[in-house]
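Structure at a glance
In case you want the letters, here they are:
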Amino acid sequence: MTADDRTPDDVPFETVSSSEVTRGERIRATIDEWILVPARILWSDWRARVGTLIMLLYVLMGTVGVWLVDAPQIGEGERLIPPFTDPSYPLGTDSMGNDLFAQVVHATPPMLEMIVAGALFTTVMATIVGTFSGYKGGRTDKLLMMFTDILLTIPGLPLVIVIAVILEPREPWVIGIILTLNAWAGLARAIRSQVLTMREESFVEASRLMGLPTRTILVKDIVPGLMPYILVNFVNSARTVVFTSVGLYFLGILPFTNHNWGVMMNLAYTTGGALYTLRAAHWLLVPMAAIVLLSFGFILFAQGTDRLFNPRVRARHENNAGANSSDDADENSGKVSTHIQG
Amino acid sequence: MSDNSFTGRSEATKADVSAIQVDDPILEMRDASVTFDMDRGESRVLDQVNLDVQRNEILGVVGESGSGKSMFASALLDAVVDPGTLSGDITYHPDPDRSVDVLDLSPEQLRELRWEEISMVFQGAQSSFNPTTTIRDHFEETIEAHNYDMAQGMAHARELLEDLYLEPDRVLDAYPHELSGGMQQRALIALSLVLEPNVLVMDEPTAALDLLMQRSILSLLNDLQEKYDLTVVFITHDLPLVAGLADRLAVMYAFEFAEVGPADEIIRNPTHPYTRSLLKAVPNLDTPLQEMQPIEGMAPDPVDVPEGCSYHPRCPLADDVCRASNPAYHAVDDSDDHVAACFHWEQASDVLSLTTDGETEHAEIVGKQSADPVVSLTDVDVHFEQEADGGLLSIFDDPDLVHAVDDVSLDVYENDVVALVGESGCGKTTLGKTSIAAQRPTGGSVTYREQDVWDAKDGVGDVETPFEAIRRSLQMVHQDPGGSLNPNRKVQASLEAPLKHWNTGMDAEDRKERVFSMLEYVGMSPPEDYAGRYPHQLSGGEQQRVALIRALLMNPDLILADEAVSALDVSLRVEVMDLMLELQDVFDTSYLFISHNLSNARYFAGNAGGRIGVMYLGEIVEIGPAEEIIANPKHPYTKVLKWSTADLEVDQDVEEPPISSIDIPDPVDPPSGCRFHTRCPEAREACARQQPSLDEHASDDEHRVACFREYDQSHEYWESEPIDDGESTDLFADGSDAAEIESDD
Ligand code: SF4
Ligand code: SF4
């Protein structure tokens, strides 16, 4: 005899719906929740706004840009035209007469592919391993953590170099994953320790007591609380991928198959002597600027995004939620106390 | 009534302000308002407040959360946070002839004023201390920052700590987390007094603590106030708590003071309708259960305070005058120190009667318990391994076994209410979680409708009721309303989660409707609005309602309510408990109600004809029908708890507790014999050797006590010598000390 065979009458419990909401309305609500609200939040913070714009610029460059700008060809222009002098070669040319702007643009798609593959791989791996291990505890935890610890003890860069030399990867997404092969382990550990404290939260315990499956609890209760942290790390690993790949291309460890900013810098340094002659300096500076700007965009974006998952901020950007005053009062008195103590 | 009383609230004359002024004020507040500019309009969180604080008095400021009482404290110190603007005058008189305009001070002068002249203590000592430095560093930093003499300052610090019954050497070298909550709060009080301020402003300083500790701290505060000639402003939502301590009380409602007067006047002859209702709404041990009732309606929003008397929407006496104009203060019975801001104060006592005299028949409330237990615990033990950061002295020890629950048997019936009462650390939460199968016992058995719960989980033997069904039938409502809901999910999503998983037959629309109707049922309307909110947009009481609904959506047989109302304002508790009881009728569920507060337990269990069980160090020491336990407590520990439950008596001073040590012994090494003997005022030698037990054969509705004093005269207790614990300072000794004394025997 269990709970289900009781049927109290007249109880709010037995309510079933009488109205139908159209599909369109539901879709609209979903769009609002997942796209419009985040967009509004991002837009309201200048760092996130600038960061997003910079990232958008690169995405455009990597998608539309390659259609608009012809691929660079040897000898298409004069050798070493300085930047901002010739409108058909806005950023100048290298010592072979290649258009630098076209090179930067055409290096973007593989770079984006690498970033997405690498950053996704790190964060998804770390989140899955970290949350699962932290929430489950016991033997699962021990095994998973042993595995991550082993990965952590292997020095990252040498491992990447060895693998790159052996495999000679050409596919950008493979490169992305190789570059972050053991970067996720540290993140997984950090996430696990956060999950350890979160699993004791009352609302997580309540879900557990309601008999909800572990998967649901992880996805609905645990991960959303970690999202700011995960997102910041996603962006950080994106930067790592950019820097490592550029570094390895520059050092010539990764095969020169694609256009890459690192390859450009390598050539500028080795064949153009860009460090010694002012005439070739722009050859080195242009790809560098591309890298710095992208990384700057990432940093700004990351700084702005922790607001994205803050329910207080979200509520403010939703048009349907009712305003509540006690909240403001609480917030204020909270501030008072920290203020005076501080 | 003068004509200009109809000209609107801002011009309403506050005619009789005599009580608001005092002869020798140390702080004067005139026309102080605090406003915040918000999207929705101007939020006025302090509204033209006039009040003086008398030198060397203890002033109790009482109000519900959101009544502006914290803002009053901040305003006193010109510490209103940034977007807020403070207007009016605040004058501080270091001595009767000097005055300082607080709002005129430079930031540097203000900083000095805040520590050296007026200092503040807040709720939650944990967040006030820096966890990475020792208590000594906190003292030294404070002394240094204000250029005081270090040696002298530290000497004073030690004296203060001793006054607060803390051992200076040990406490100074400890890190904050190594001290119990009560010790931290006492250390914080010492810290705030180290620069010898004249005024101490305390904002809910004890709210997070056990009642027993609260009362003990208050009695210490009383001593401190006398010894150091302090002026204390004590801000709280808990009227009974300060009633015995304060010289004067000021009741706040809607960002201004409704009634001000001497404490005994306010309690004996409350005059403002709000004060009267508040007194009725506070759970206590003396008022008959039927008399307690919540205040209807909600406290106003600071953006939109009602016109006229701000209390009129909730006031049973309100008439057109009240709606049109703001009442001035009227002297009550021509006394010049008791005033109430109400037009009809003379009628208030007729309309809102209070039974201050004790002659009322206790109507018998009969519960509807079934004969067969739903959940039954037999000889349950729960022992944990001690974690590394246990007590103060245990940091270097090996992990120890904590006896959280020891050999407890308890049956919970259908439609039953059992309230477990005890101090923190007595194992009541662990026992509760064990009963709802959230915690696996290390010994004994837990059965749900005769099915062993953990056998069902492990699939041992014949499993008649699958664990899944058991899991659904045993639910929990947590203590902290803020933490019991996922902050990232809206109310709707949180409530839908169990339905999605268990009632797969329902589609999205049905779920939504059901959630709406439940919200509506518990008085959260319009439900569409509430369903779309995030938890932070709800008040504490609303959050607790949502948590309760979520548990009920599972249609459980037993709900563990772990301190479910303790975090709420006293005035809200009755309301939420009433709701829980009403829902019990509707859903046929039982409650296991856990509280450190005897009066909440009494209200909740008493109104359902349930039982109260008193726990001490992992054991149930007394259990029986609620009213019986309250009216006739037998175990010395229950008597202590009853003492700690402040009642609305003012003439009795805050006296010494009837107990010989206020901190609970270390559950790692529980005292031998009767576990209470280290603190028991009645303890005799035999108590240290033998263990009293509850009568196993008595039925569940009998009053049972585990104390030798209930045994007959032939028991050796009556022959043996009283245990003499000598020094009185033992009273506030730390628990581990008690354990040490014990092992020396
Ligand atoms: S009687 Fe009128 S003035 Fe007095 S509290 Fe009620 S509404 Fe306010
Ligand atoms: S048995 Fe002895 S020590 Fe225990 S409560 Fe009774 S009198 Fe006190």
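All figures in this text were calculated on a predicted structure; none of them were measured in a lab.

A few words on the overall build of chain A. Secondary structure summary: chain A contains 13 helices and zero strands in total. Put simply, chain A runs from its N terminus to its C terminus through helices and strands in the order α-α-α-α-α-α-α-α-α-α-α-α-α. Expressed as a percentage of the 342 residues in chain A, the buried residues total 47%. A fraction of 68% describes how many contacts in chain A between residues 6 or more apart in sequence connect residues 24 or more apart. In the structure as shown, chain A presents an accessible area of about 17200 Å², 65% of it carried by carbon and sulfur atoms.

Let's shift gears to the overall build of chain B. The helix and strand tally for chain B stands at 26 helices and 23 strands. Taking all 745 residues of chain B together, the buried fraction comes to 62%. Excluding contacts between residues fewer than 6 apart, the proportion of contacts in chain B whose partners are at least 24 apart in sequence is 70%. Carbon and sulfur atoms make up 44% of the accessible area of chain B, which amounts to about 28000 Å² in all.

For the rest of this paragraph, the subject is the site of ligand 1. The environment of ligand 1 is made up of 13 residues, and the closest members are C309(B), C315(B), C322(B), C342(B) and F343(B). Residue composition of the shell around ligand 1, grouped by class: 10 nonpolar, three polar and no charged.

Quick look at the sheet that holds strand β19 (residues 558–562) of chain B now. Residues and elements named next belong to chain B. Here seven strands make up an open sheet; going across it, the order is β18-β19-β20-β15-β21-β22-β23 and the pairing mixed. The strands lining the two open edges of the sheet, one partner per strand, are β18 (474–477) and β23 (704–705). Sitting on the sheet, helix α22 (residues 598–606) is in contact with β15 (417–421), β20 (590–595) and β21 (611–616), with an inclination near 175° to β15.

This part covers the pairing of strand β10 (residues 256–262) of chain B. Residues and elements named next belong to chain B. With seven of its seven residues buried, β10 lies for the most part within the structure. In this structure, strand β9 (residues 248–253) lies alongside β10, joined through six bridges in antiparallel fashion. Pairing of Y253 across the sheet is with E256, part of β10. The turn joining β9 and β10, which pair antiparallel and follow one another in sequence, is formed by two residues; a positive phi near 50° is taken by A254. Pairing analysis gives two bridges linking β10 to strand β12 (residues 339–340), with the strands arranged antiparallel. Bridge assignment links E259 to a residue of β12, and that residue is A340.

Residue and element names in this part refer to chain A. Together, I27, I31, W34, I35 and L36 line one region of the surface with nonpolar side chains, adding up to about 520 Å² of accessible area. By secondary structure assignment, the location of W34 is in helix α1 (residues 23–44). Judged by its relative accessible area of 62%, W34 is exposed.

Turning to the confidence of the model for chain A, a few remarks are in order. Residue and element names in this part refer to chain A. Summary statistics for chain A give a mean pLDDT of 80 and a share of 86% for residues scoring 70 or more. Across chain A, element-level confidence peaks in helix α8 (residues 202–209) with a mean pLDDT of 91 and bottoms out in helix α13 (residues 325–341) with 35. The low-confidence segment residues 1–10 (pLDDT under 50) makes 14 contacts with residues lying over four places distant or belonging to another chain. pLDDT under 50 marks residues 320–342. Its contacts with residues more than four places away, or in other chains, come to 42 contacts.

The next point concerns the site of ligand 2. What surrounds ligand 2 is a group of 14 residues, the closest being C674(B), C680(B), C687(B), C707(B) and F708(B). Among the residues forming the shell around ligand 2, the class breakdown is 10 nonpolar, two polar and two charged.

Residue and element names in this part refer to chain B. Domains assigned within chain B are domain 1 (17–352) and domain 2 (633–645 + 657–726). Computed over C-alpha atoms, the centres of domain 1 and domain 2 are 38 Å apart. Facing the eight residues of domain 1 at the interface are nine residues of domain 2. Both faces combined, the contact of domain 1 with domain 2 buries some 870 Å², and carbon together with sulfur accounts for 69% of it.

Here the focus is the sheet that holds strand β13 (residues 373–385) of chain B. All names here are of chain B. With antiparallel pairing, four strands are arranged side by side in an open sheet as β14-β13-β16-β17. Of all the strands in the sheet, just β14 (401–413) and β17 (451–452) have a single pairing partner and so form its edges. With two bridges joining them, strand β16 (residues 443–448) and β17 adopt antiparallel strand pairing. Counted as the bridge partner of Y448 is Q451 from β17. Packed on one face of the sheet, helix α14 (residues 428–435) meets β13, β14 and β16 and runs near 130° to β13.

Attention now moves to the UniProt feature "transmembrane region" (unreviewed entry) in chain A. Per the UniProt annotation, the sites labelled "transmembrane region" (unreviewed entry) are residues 50–69, 114–135, 147–167, 173–191, 241–261 and 281–302 of chain A. Overall, residues 50–69 of chain A shows 95% helix and 0% strand. The separation of its end C-alpha atoms is 25 Å.

Residue and element names in this part refer to chain A. The tally for this structure, following the rule as stated, stands at 16 aromatic pairs over all chains. On the numbers, 6.2 Å between centres and 45° between planes, the contact of F147 with W184 is tilted. With F147 in helix α4 (residues 138–153) and W184 in helix α7 (residues 183–198), this pair connects stretches of sequence that are 37 residues apart. A relative accessible area of 46% places F147 in the partly exposed class. For W184, a relative accessible area of 2% translates into the label buried.

The two faces of the sheet receive side chains in turn, since in a regular strand these alternate between them. Residues and elements named next belong to chain B. The buried fraction of strand β22 (residues 619–625) amounts to six of the seven residues, a majority that puts the element mostly inside the structure. Note that β21 and β22 share six bridges and pair antiparallel. In the sheet register, Y616 faces β22, and the bridge partner there is E619. Counting the residues in the hairpin turn of β21 and β22 gives two residues, including L617, whose phi is positive at 45°. Across two bridges, the pairing between β22 and β23 is antiparallel. Bridge pairing in β23 links I623 to R704.

Okay, the confidence of the model for chain B next. Residue and element names in this part refer to chain B. On average, residues of chain B carry a pLDDT of 81, and 87% of them reach 70 or more. Here helix α26 (residues 735–744) stands out as the element of chain B with the lowest mean pLDDT, 36, in contrast to β15, whose mean of 93 is the highest. Here residues 1–16 is a poorly scored stretch, pLDDT under 50, and it has 29 contacts once near neighbours within four places are set aside; other chains count. Long-range and interchain partners of residues 356–362, a stretch whose pLDDT sits below 50, account for four contacts in this model, where long-range means more than four residues apart. Across the predicted assembly, pTM comes out at 0.78 and ipTM at 0.76.

For L538(B), the position within the fold is in the loop between α19 (527–531) and α20 (540–552). Along the backbone, L538(B) and V515(B) are 23 residues apart, and their C-alpha atoms lie at a distance of 16 Å.

Because an α-helix packs 3.6 residues into every turn, residues spaced three or four apart end up facing the same way. Residues and elements named next belong to chain B. Residues of helix α4 (residues 135–145) that are buried include every one of I135, H138, F139, T142 and I143, and no others. The buried side chains of α4 occupy one side of the element, clustering within an arc of 125° when seen end-on. Turned more than 90 degrees away from the buried face of α4 sit E141 and E144, all of them exposed. Where the residues of α4 are buried, they touch α2 (107–117), α5 (150–163), α6 (168–172) and α7 (181–193).

As a further point, take the pattern of salt bridges. Enumeration according to the criterion identifies 35 salt bridges over all chains in this entry. Between D45(A) and R47(A) there is a salt bridge, with its nearest N and O atoms 3.4 Å apart. Between R449(B) and D557(B) there is a salt bridge, with the nearest N and O atoms lying 2.9 Å from each other. In this pair, R449(B) sits in the loop between β16 and β17 while D557(B) sits in the loop between α20 and β19, placing the two residues 108 residues apart along the sequence. The class of D557(B) is buried, set by a relative accessible area of 3%. When salt bridges that share partners are traced, they join E28(B), R30(B) and D52(B) into one network.

Attention shifts here to helix α17 (residues 491–502) of chain B. All names here are of chain B. Counting buried positions over the 12 residues of α17 gives nine, a clear majority of the element. Buried within α17 are the following residues: V491, Q492, S494, L495, E496, A497, P498, L499 and W502. On its buried face, α17 is in contact with α16 (467–473), α18 (508–521), α19 and α20.

Note on backbone geometry: most residues besides glycine have negative phi, and most peptide bonds are trans. All names here are of chain B. For N56, which is not glycine, the phi dihedral falls at a positive 60°. With respect to the element layout, N56 can be found in the loop between β2 (41–54) and β3 (58–62). Classification of N56 as partly exposed rests on a relative accessible area of 34%. Unlike most non-glycine residues, D379 shows phi in positive territory, near 45°. One can find D379 in strand β13. Using a relative accessible area of 37% as the deciding quantity, one classes D379 as partly exposed.

Criteria and cut-off values
Residues numbered from 1 in each chain as written. Chains lettered and ligands numbered in written order. Predicted model: local features only at pLDDT ≥ 70, side-chain atom pairs only at ≥ 80, totals over all residues. Heavy atoms only, no water. Helix = DSSP H or I, 4+ residues; strand = E, 2+ residues; numbered from the N terminus. Buried < 20%, exposed > 50% of the residue type's maximum accessible area, 1.4 Å probe, protein only. Contact = heavy atoms within 4.5 Å. Areas by Shrake-Rupley, 256 points an atom, 1.4 Å probe, with all protein chains shown as cover. Near = heavy atom within 4 Å. Nonpolar A, V, L, I, M, F, W, Y, C, P; charged D, E, K, R; others polar. Pairing = 2+ DSSP bridges. Axes fitted to C-alpha atoms, helices over the stretch in contact; angles between N-to-C directions. Patch = residues over 30% accessible without salt bridge, like charges linked within 9 Å, V, L, I, M, F, W, Y side chains within 5 Å. Salt bridge = Lys/Arg side-chain N within 4 Å of Asp/Glu carboxyl O. pLDDT = per-residue confidence, 0-100. Domains from an automatic or database assignment. Buried area = accessible area lost by both parts, 1.4 Å probe. UniProt positions renumbered as here; feature names shortened; annotations may be inferred. Phe/Tyr/Trp six-rings, centres within 6.5 Å; stacked < 30°, edge-to-face > 60°. Arc of directions from axis to C-beta.

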